[in-house]
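Understanding the architecture of this molecule
As a plain string of letters, each chain reads:
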Amino acid sequence: MTLTYLSAVHQLRRADEDQARALYTDVIEALEQHCTNVGMDFCGNELNITIQLAEEQYVTIAGRYSLPWHDDRRELGGWMAVHIDDAHGTHKVIYDTTTPEGDPPGDLALEPLAEEVGAYVTGWHAEHD
């Protein structure tokens with residue numbers, strides 16, 4: 001009985017992940033034109049698009065908070081890209097068009113996001129590789 005339940009939970013989780021990937025395919029494709037190592041991170045009920053820089057460093061892309069993954073993107077509020085450095089416990093906002101909750105969303109255009117993040121990632125690799 002327990003195995004059946006866990007299998008069902010796993011299948012539901014996989015379906016949710018597939019739905020989320022489909023919802024953000026255009027974002028991932030835009031980023032992949034400017035950088036490599038683009039993926040998605042499902043941590044609990046949170047979803048972020050990530051670009052791995054080093055073992056403990058990555059850029060995460062979300063909206064005001066994490067990305068909504070059960071419906072459409074109306075609640076994003078804009079894009080925010082943050083460089084996370086787990087080795088030093090720091091973070092740096094590198095792109096932010098989000099607006100406060102309740103306000104109209106900020107710029108959701110993909111090209112400026114992809115260009116800015118791509119330039120940052122390229123610069124980071126030039127400095128650290």
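Our structure is the block above this text.
Structure report, in brief.

About the criteria used
- Each chain carries its own residue numbering, running from 1 in the direction its sequence is written.
- It should be noted that, the model being predicted, local features are given only for residues of pLDDT at least 70 and side-chain atom pairs only at 80 or more, the latter also being counted only at that level, while totals for whole chains, interfaces and linings use all residues.
- The basis for every side-chain value is the complete set of non-hydrogen atoms in the structure, without hydrogens or water.
- Note: two strands are recorded as paired if DSSP finds a minimum of 2 bridges between them.
- For helices the rule is a DSSP run of H or I covering at least 4 residues; for strands it is a run of E covering at least 2, with both sets numbered from the N terminus onward.
- To get an axis, a line is fitted to the C-alpha atoms, and for a helix only the part in contact is used. The angle between two axes follows their N-to-C directions and goes from 0 to 180 degrees.
- A contact between two residues is defined here by any heavy atoms of the two lying within 4.5 Å.

For the rest of this paragraph, the subject is the sheet that holds strand β4 (residues 80–85). If you walk across this open sheet you meet the five strands as β1-β2-β3-β4-β5, and the pairing is antiparallel. A single partner strand is all that each edge strand has here, and the edge strands are β1 (38–43) and β5 (90–96). Within the sheet, the average angular offset between the axes of one strand and its neighbour, ignoring direction, is 30°. Bridge count for β1 against strand β2 (residues 46–54) is six bridges, and the pairing is antiparallel. Paired with C43 across the bridge in β2 is E46. Strands in contact with helix α3 (residues 110–128) are β2, β3 (57–62), β4 and β5; relative to β2, the strand with the most contacts, it is inclined by about 35°.

Read these as spatial facts, not as claims about activity.
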